[in-house]
Amino acid sequence: MGRMTFVIRRLLLLVPTAVGVTIIAFFMIHLIPGNPAQTILGIHATPRGITILDRQWGLNRPLASQYWLFMDRLVHGNLGQSLFYGVPVGGLITSHLPPTLWLICYAAVIAIVISVPLAMIAASRKDGIRDHIVRAVPLLGLGMPAFWLALILQTTLAVKFQLFPVSGYGTGIGGHLHSMFLPALVVAIALCPVVIRSLRASMLNVLGADYITTARAKGVPGLRLFVRHVLRNAVIPAVTVLGINIGFLIGGTLIVEAVFAIPGLGNLMINSIFDRDFPVVQGVALVFGIMVVLVNLLTDVAYATLDPRVRFDR
Amino acid sequence: MSAISITGQTGPPESAPEATAGERAQPRRARWYRQPALMAGLVIIGLILMAVIAAPLLTSYNPDAQNLNATLSGISAQHWLGTDQLGRDTFSRLLYGGRTDLQIAFIAVLFPFCLGTILGSIAGYFGGWVDIIIMRLVDIVVAFPFFVLVIALVFVLGPGERSIYIAITLIGWVSYARIIRGEILVAKRQEYVLAAQSGGLSNVRIMGRHLLPNVISQAIIYAMSDIVQDILAIVTLSYLGLGIQPPAPDWGTMISDGQNFLTTHWQLTTIPGLAVVVTGLGLSLIGDGLADLLRPGQS
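Residues numbered from 1 in each chain as written. Chains lettered and ligands numbered in written order. Predicted model: local features only at pLDDT ≥ 70, side-chain atom pairs only at ≥ 80, totals over all residues.

1. So, the overall build of chain B
Let me state the cut-off plainly: Helix and strand assignments come from DSSP, with helices taken as H or I runs of at least 4 residues and strands as E runs of at least 2, each series counted from the N terminus. Here the C-beta atoms are placed from the backbone, and a residue counts as buried if at least 20 other C-beta atoms lie within 10 Å of its own, exposed if 12 or fewer do, and partly exposed otherwise. Remark: residues whose backbone-derived C-beta atoms lie within 7 Å of one another are considered to be in contact.
Helix and strand counts for chain B stand at 11 helices and zero strands. Counting across all 299 residues of chain B, residues that qualify as buried make up 46%. Restricting to contacts in chain B with at least 6 residues of sequence separation, those with at least 24 account for 70%.

Below, the structure is given as C-alpha cells:
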C-alpha cells in the first residue's frame, strides 16, 4: 500500500469516528434525568423558559430530527447559546482555545525534557539500580491527583517563595512561559511515566541494533553514541507516544487550568459545570473529542512520513 | 486494523527479571514472592486496606461528628492529624474516606472489566461485522479524553455514586475490549482451539472455558492501572463537588475543603493527597510486578 493510499484510507476511517463523537456529544443532553429543559433551568424554570429551550434545541421533535438539527447547526459553526453568558458557545470556545493550546504544547515540551535524560539513564544500565529507580519513581506520578499537586506547587513556589505568578496566563511569550510553567509542569509530571516507559523500551530496542554494535566497535564514546545514534532513532517513537496520549494530556489540563485560573477551555468547562451551563459543557467536550481525533490522524501521518521504515501493511 | 505497529497499546511490558536456569525450572507459582515490585505493592496495599477496614479500632472519633469548639486545631495527642474547619477529626476522616474511595474504586473497576472482556472476546472470536462495529465504538469512546468524558457524564447524570459507576463503565470497557480482542485474535489460531472447535464444542464454551483463561491475565494487569485511574477520577469528581456528596468523608472532598487553609494548616490538604499517591503507587507496583510475573520471556 502506498503512502498516499494510507493517508486517504486513514482520512476515510476518520469520518465514522468524527460522526460518533458528535453523536456522543449530542446524547449528553439526553442523559439528563427527567425533562432536560426543566432540569437545566433548575429553580428558574418557568413554563415559558422551558418552551423556549425546547424550541431552541428542538427537544419536542423526534430524536433523529433533533440530531439532524444539531448537525445542521454544527456544520454552520453554531454550537448553541450559552445559558450563563448569553453569547454563542462557538465564540466562547474560540476565545478560550489559545491558552489551552499553549499549555498543551508547553507541557509536552517539559515532558520530553524530563523524560529523555531519565530514559537514557535507565536504558544505559538495564536492570541496574538506576534503571529500577527510574522505573519506580514515575509510578508516583501515575497516581497523583493533578489538582492536588497543582495546589501544593501553587502554595509553595508561587505564594510562599513567589517564584511564579499565582495564577493567570501572562502576556507576551515570556509572560506565558513564566506564568504557565507550574501548570505545564503539573501536566507534564502526569505524562512522564508513560513517555519514559515507552522511550526506555524503544531505546533498548535501538541499543540492540547492529549499527550500534558497529558504532561501539568503532570506538564511539558512550554519550556521543547515545546522542547521535540512539536518541535520534528513539525520539520519533516518543513523539508518537505524545500524539497517542493527547487525550491524556488534554484531560490533565482540565483541572490544572481551573486551579491556576488560566482562561482556557478546561477552565471554561469546569466553570460551566458549576454554572450548570449545559451547552458550553457539551460544546467543549465535542471540541476536545474532535481535537483528539485530528491529533491522532496527524500523528499517524507524520510518523509515516518521518520514518521511512514504516510498513503500510493492513 | 491499525496500519502502524506503534499505534497499539502504549508501554510494552517491562523487562522480565533475569532468571537463572535453576529458577526457571521451578514452577512459576513458587516465584511470586521474589518479585520486589509485586511484594512492595502488596505490602503497601495490604497495610492501607487493613487500616481502612480496621478504622473503627484505630480511631474513636466519628468522621462526621462536628466539634465547633475545636475547629482547625493543630496536630496533637488527641487529634493525630488535627481537625478541619468544622472540628472533625482529620485522621478519622482520612481512614473512613479511604473506605469510601477504595470501595467505590474496586467495585467500579469490575463493571468495565466484565463488559470489556465480553465485548472484546466477541469481537476477536467472531470477527467480521460484529468486530467492525465494536471496534468503531471503541475508537469513538477513545477519542474523548478520559477525564473530560467522565466529568461531563457525571455532570449530566447528576452527582453521586451511581453516576460514577455508570460513567466509568461506559468509558472504561474500551481498553479491556481492545486488550482482550488482540489476545483472542492470536489465541484463536492455536491448536487447542481448533481441536475444541472440531470436537464440536459450542462457541460460548470455547470462549469461556478455553480461550478466556489464557487471555485474561493481560486484562488483570491492566485492571491494576485502571483502578488507579478510577481512584483519581473519583477523587477529582469529589474535589469538583460532583462525586461523593458531603458529609460522607472522602479524600477528594478533604483536599477541596482544606485548600482554603493550605498556608496555615497544610496537613488538611497534603495528607489526603499523599494517601491517594501512596495507594496509586502500591497498585502500580502490583501491576508492574504482575506484568513481569505473568509474561516472562518478553522483555
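More follows now that the structure is in view.
2. Overview of the overall build of chain A
When you go through chain A residue by residue, the secondary structure sums to 15 helices and zero strands. Once the C-alpha set of chain A is aligned to its principal axes, its extents read approximately 80 × 60 × 35 Å. When contacts within chain A are restricted to residue pairs at least 6 apart in sequence, those whose partners lie at least 24 apart make up 70%.

3. Quick look at the interface of chain B and chain A
Frequently, the measure chosen for interface size is the accessible area removed from exposure when the parts meet. Counted only if it meets this: The nonpolar class holds Ala, Val, Leu, Ile, Met, Phe, Trp, Tyr, Cys and Pro. Asp, Glu, Lys and Arg form the charged class, and all remaining residues, Gly among them, are polar.
Listed by partner, the interface residues are 48 residues for chain B and 54 residues for chain A. Breaking the side of chain B that touches chain A down by element, the ones donating at least two residues are helix H5 (128-143), helix H6 (146-157), helix H9 (203-239) and helix H11 (267-294) of chain B. Taken together, the residues of the side of chain B that touches chain A sort by class into 30 nonpolar, 14 polar and four charged.

4. Regarding helix H8 (residues 191-198) of chain B
Taken across its eight residues, H8 of chain B has zero buried, putting it largely on the surface. Phi for Gly 200 of chain B, located one or two positions after H8 of chain B, is positive at around 85°.

5. Regarding the nonpolar core
Put simply, the rule reads: For this entry, the nonpolar core is defined as buried Ala, Val, Leu, Ile, Met, Phe, Trp, Tyr and Cys residues connected by C-beta atoms within 7 Å.
Membership of the largest hydrophobic core comes to 170 residues, with the highest contact counts inside it found for Ala 107, Val 187 and Ala 285 of chain A together with Val 150 and Ile 151 of chain B. Discounting chain neighbours no more than four positions away, the residues touching Val 187 of chain A are Leu 103, Ala 107, Ala 146, Leu 249, Gly 252, Thr 253 and Val 256 of chain A.

6. Examining the environment of Ile 48 of chain B
Residues and elements named next belong to chain B. On the secondary structure map, Ile 48 appears in helix H2 (residues 36-53). Residue Ile 48 is classed as partly exposed on the basis of its 18 C-beta neighbours within 10 Å. On a C-alpha basis, the gap between Ile 48 and Leu 81 in space is 17 Å, while along the polypeptide they are 33 residues apart.

7. Points about unusual backbone geometry
Geometrically, the link from Pro 246 of chain B to Pro 247 of chain B is a cis peptide bond, its omega value of 10° lying close to zero. Structurally, the position occupied by Pro 247 of chain B is in the loop between H9 and helix H10 (251-258). Positive phi, normally seen in glycine, also occurs at Ala 261 of chain A, with a value near 50°. Here Ala 261 of chain A is to be found in the loop between helix H13 (246-259) and helix H14 (265-274). You can call Ala 261 of chain A partly exposed: it has 15 C-beta atoms within 10 Å.

8. Some words on the packing of helix H10 (residues 181-207) of chain A against H13 of chain A
All names here are of chain A. What counts here: Interaxial angle, 0 to 180 degrees, is taken between N-to-C directions of lines fitted to C-alpha atoms, where a helix line uses only the stretch in contact. Orientation categories follow fixed angle ranges, with anything under 35 degrees roughly parallel, anything over 145 roughly antiparallel, 65 to 115 roughly perpendicular, and all other angles oblique. Put simply, a crossing is left-handed when the front helix is turned counterclockwise from the back one by less than a right angle, and right-handed when it is turned clockwise.
At their nearest, the axes of H10 and H13 sit 9 Å apart, and the two run at 140° to each other. Considering their axes alone, H10 and H13 lie oblique with respect to each other. Crossing of H10 against H13: the hand is right-handed. Seen from H10, the contacting residues are Pro 183, Val 186, Val 187, Ala 190 and Leu 191; seen from H13, they are Phe 248, Leu 249, Gly 252, Thr 253, Val 256 and Glu 257. Of the residues in the contact of H10 with H13, the class split is eight nonpolar, two polar and one charged.

9. A look at the packing of helix H5 (residues 89-124) of chain A against H13 of chain A
Residue and element names in this part refer to chain A. Put simply, H5 and H13 touch, their axes get as near as 10 Å, and they point 120° apart. Handedness of the H5/H13 crossing: right-handed. Of H13, the residues touching H5 (which contributes Thr 100, Leu 103, Ile 104, Ala 107 and Ala 108) are Leu 249, Ile 250, Thr 253 and Glu 257. Classifying every residue of the contact of H5 with H13 gives six nonpolar, two polar and one charged.

10. Quick notes on the environment of Asp 250 of chain B
Residues and elements named next belong to chain B. As for its placement among the helices and strands, Asp 250 is situated in the loop between H9 and H10. By C-beta crowding, Asp 250 is classed as buried, having 27 other C-beta atoms within 10 Å. It is 17 Å that separates the C-alpha atoms of Asp 250 and Ile 151, two residues lying 99 residues apart in sequence. When residues no more than four places from it in sequence are discounted, the contact partners of Asp 250 are Gly 97, Thr 100, Asp 101, Ser 238, Gly 243 and Ile 244.

11. Observations concerning the confidence of the model for chain B
All names here are of chain B. So the rule is basically this: What pLDDT reports is the predictor's confidence in each residue, on a scale of 0 through 100.
Of all residues in chain B, 87% have pLDDT values of 70 or greater, and the mean over the chain is 83. Across residues 1-27, confidence stays below pLDDT 50; counting only partners more than four residues off in sequence or on other chains, it has 43 contacts. With a pTM of 0.86, the predicted complex shows an ipTM of 0.85.

12. What to know about H6 of chain B
Residues and elements named next belong to chain B. This is how the line gets drawn: One less than the number of residues in a helix, times 1.5 Å, gives the span that helix is expected to have.
If you check H6, its first and last C-alpha atoms are 16 Å apart, about what 12 residues at 1.5 Å a residue would give, namely 16 Å. Of all 12 residues in H6, 12 are buried; the element is thus mostly enclosed. Taken together, the buried positions of H6 are Phe 146, Phe 147, Val 148, Leu 149, Val 150, Ile 151, Ala 152, Leu 153, Val 154, Phe 155, Val 156 and Leu 157.

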